[in-house]
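# Structural description and commentary
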Amino acid sequence: MLDVQNLSVNIEEKPILKGINLCVKKGETHVLMGPNGAGKSTLGYTLMGNPEYSVTDGKILFDGQDITDFSADKRSKAGMFLSFQDPLEVPGVTLENFIRSSMQQVTGQKVKLFQFAKELEQAMNVLNMNPSYANRDLNVGFSGGEKKKSEILQLLMLKPKLAILDETDSGLDVDAVRIVSKGILEYQKKMDGALIIITHSTRILESLNVDYTHVMVKGKIVHTGDGSLVQKINDHGFDQFIPEEIKEEERRARLMAAAKEAMAQAKANAATEVGAVDAKGAYL
Ligand code: ADP
Ligand code: MG
């Protein structure tokens, strides 16, 4: 369904993603892990068509169609969904109206109010959301947990073919993670939805069936394994998956930085010594 081929992406001329290959089939769940700054969110935004990210090489196929140059809007219509790492607050638009109008945009059809209200209530129930939140402005004044639940609510209502969840669990307490996870399970089971879950923890994955785990380091997928890899990473960290050449590059960068630091320190010391002599001189 999703076929990412040799995808390279720049942000403002700086290469961030370097030759990503990723294939997600209908109903599969893929977990994407990796250290901060590896490019995970960049991949999510690029898949969703954010114009700040320019594709310099490779292509993105979705349902057999080359969508590399599609706008974000066209990608949503094709059945893709991204849950943001930091969901936006939209004053003046209620959660309910936002979801209903997104559904109308994606399907191109009018969403009947009665059916919609019933479905929304059910979905909010799954997520233990107070029904009064439907009439509040989208994410305005929502806690971190409530914002993430509102993203999952959109997922359940929009029923995309593929959902990319970017750190939907970060900053949530144990109960909120469990509820968000329950919502994702509902999407996985009832809608046979495909998922790319970007996460740092195993908690959100406990009740989910994970087919593949990918480790991203410095804009490349350096290792792919099955669902059990998540636990291994949690126990032992990413280090074992970082290729020697990337480690070597980092060592060199660290040495360079240390040398620069030492040089700056030496210059600063020399300057204060000169300053001290001058100061003493002034008193003589
Ligand atoms: P991750 O989600 O894996 O932590 P990101 O995709 O957010 O990593 O970031 C990857 C790299 O791209 C980082 O070096 C980050 O500083 C850089 N980056 C991300 N977004 C921007 C942006 N809008 N402008 C400039 N650099 C960016
Ligand atoms: Mg990120």
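Residues numbered from 1 in each chain as written. Chains lettered and ligands numbered in written order. Predicted model: local features only at pLDDT ≥ 70, side-chain atom pairs only at ≥ 80, totals over all residues.

## Section: the overall build of the protein
What counts, and what does not: Labels follow the DSSP assignment, with helices taken as runs of H or I lasting at least four residues and strands as runs of E lasting at least two, numbered in each case from the N terminus. With C-alpha atoms as the basis for the radius of gyration, the globule rule is written as 2.2 Å multiplied by the number of residues raised to the power 0.38. Our exposure labels follow a C-beta count within 10 Å of each residue's own C-beta, placed from the backbone: buried means 20 or more other C-beta atoms, exposed means 12 or fewer, and partly exposed covers the counts in between. Residues are scored as being in contact if the C-beta atoms we place from backbone atoms lie within 7 Å.
Summing up its helical and strand segments, the protein has eight helices and 12 strands in all. Relative to a compact globule of 284 residues, whose C-alpha radius of gyration would be 19 Å, the protein shows 24 Å and is clearly more extended. Referenced to the eigenvectors of the C-alpha coordinate spread, the extents of the protein come out at roughly 90 × 45 × 40 Å. Across the 284 residues that make up the protein, the buried fraction comes to 33%. In the protein, the proportion of contacts linking residues at least 24 apart, taken out of those at least 6 apart, comes to 72%.

## Overview of the sheet that holds strand β1 (residues 2-11)
What counts here: Note: two strands are recorded as paired if DSSP finds a minimum of 2 bridges between them.
Read across the open sheet, the four strands follow the order β2-β1-β4-β5; overall the sheet is antiparallel. The outermost strands of the open sheet, each flanked by one partner alone, are β2 (14-24) and β5 (65-66).

## With respect to the pairing of β1
Bridge count between β1 and β2: seven bridges; the pairing is antiparallel. Within the sheet, the bridge partner assigned to isoleucine 11 lies in β2 and is lysine 14. Count of turn residues in the β1/β2 antiparallel hairpin: two residues, of which glutamate 12 carries a positive phi of about 45 degrees. Two strands pair when backbone bridges link them, and β1 and strand β4 (residues 53-62) are joined in this way by eight bridges, in the antiparallel orientation. Paired with valine 9 across the two strands is valine 55, which belongs to β4.

## Thoughts on the site of ligand 1
Quick reminder of the rule: Throughout this description, a residue near a molecule or strand is one whose C-beta atom, derived from the backbone, lies within 6 Å of it.
Neighbouring ligand 1 are the residues Ile11, Glu12, Ile16, Gly34, Asn36, Gly37, Ala38, Gly39, Lys40, Ser41, Thr42 and Glu52. Broken down by element, the residue count for the shell around ligand 1 peaks at three residues, all from helix α1 (residues 40-48).

## A short note on the packing of helix α5 (residues 144-158) against helix α6 (residues 174-190)
Condition: Where helices are involved, their axes are fitted lines through C-alpha atoms of the stretch in contact, as for all axes, and angles between N-to-C directions lie from 0 to 180°. Each angle receives one of four descriptions, namely roughly parallel if under 35 degrees, roughly antiparallel if over 145, roughly perpendicular if within 65 to 115, and oblique otherwise. Amino acid classes used here: Ala, Val, Leu, Ile, Met, Phe, Trp, Tyr, Cys and Pro are nonpolar; Asp, Glu, Lys and Arg are charged; the rest, including Gly, are polar.
It is the contact of α5 with α6, at a shortest axis distance of 10 Å, that shows an interaxial angle of 10 degrees. The angle between α5 and α6 falls in the class roughly parallel. Contacts from Gly145, Lys148, Lys149, Ile152, Leu155 and Leu156 of α5 reach α6 at Ala176, Ile179, Val180, Gly183, Ile184, Glu186 and Tyr187. A class-by-class count of the residues in the contact of α5 with α6 yields eight nonpolar, two polar and three charged.

## A short note on the nonpolar core
Which entries qualify depends on this criterion: A set of buried Ala, Val, Leu, Ile, Met, Phe, Trp, Tyr and Cys residues, joined through C-beta atoms within 7 Å, is what we mean by a nonpolar core.
Core analysis: the biggest nonpolar cluster contains 58 residues, and Leu153 and Ala163 have the highest contact counts within it. Among all residues touching alanine 163, those that are not within four sequence positions of it are Phe81, Ser83, Leu155, Tyr187, Gly193 and Leu195.

## What to know about the domain arrangement of the protein
Stated precisely, the cut-off is as follows: Either an automatic procedure or a domain database provided the assignment from which the domain bounds are taken.
Split into domains, the protein comes out as domain 1 (2-92 + 157-238) and domain 2 (243-284). Each of domain 1 and domain 2 has a C-alpha centre, and these two points are 42 Å apart.

## As for unusual backbone geometry
A positive phi angle, near 50 degrees, is found at aspartate 192, a position not held by glycine. Along the chain, the position of aspartate 192 falls in the loop between α6 and β10 (194-198). Looking at aspartate 192, the number of C-beta atoms within 10 Å reads 11, which means it is exposed. At lysine 218, a position not held by glycine, the phi torsion is positive, near 50 degrees. With respect to the helices and strands, the residue lysine 218 is situated in the loop between β11 (212-217) and β12 (220-225). Residue classification places lysine 218 among the partly exposed residues on the basis of 19 C-beta atoms within 10 Å.

## Quick notes on the environment of threonine 56
Tracing the backbone shows threonine 56 in strand β4. Measuring from C-alpha to C-alpha, the distance between threonine 56 and phenylalanine 98 comes to 34 Å, with 42 residues separating the pair along the chain. Beyond its immediate sequence surroundings of up to four residues, threonine 56 is in contact with Ser8, Val9 and Asn10.

## So, helix α4 (residues 113-126)
Each full turn of the α-helix corresponds to 3.6 residues, which orients residues three or four apart in the same direction. Our working definition: Each residue after the first adds 1.5 Å to the expected span of a helix. Taken from the helix axis, the directions to the C-beta atoms give the arc we talk about.
Taking 1.5 Å of rise per residue, 14 residues should cover 20 Å, and α4 covers 20 Å from first to last C-alpha, within 8% of that figure. For α4, the complete set of buried residues consists of Leu120, Ala123 and Met124. Looking straight down α4, one finds that the buried residues subtend no more than 100 degrees of arc, so they occupy a single side. In α4, those exposed residues whose orientation departs by more than 90 degrees from the buried face are Phe114, Gln115, Lys118, Glu121, Gln122 and Asn125. Contacts made by the buried residues of α4 are with α3 (95-107) and α5.

## Brief notes about the sheet that holds β12
In space, the six strands of this open sheet follow the order β6-β9-β10-β3-β11-β12, with mixed pairing throughout. The open sheet has two free edges, formed respectively by β6 (80-83) and β12, since each of these has just one partner strand. When the angles between neighbouring strand axes are averaged without regard to direction, this sheet yields 20 degrees. Strand direction decides the pairing type here: β6 and strand β9 (residues 162-166), joined by four bridges, are parallel. The residue of β9 that forms the bridge with phenylalanine 81 is alanine 163. Together, β3 (29-33), β6, β9, β10 and β11 form the strand contacts of α1, whose direction differs from that of β9 by roughly 145 degrees.

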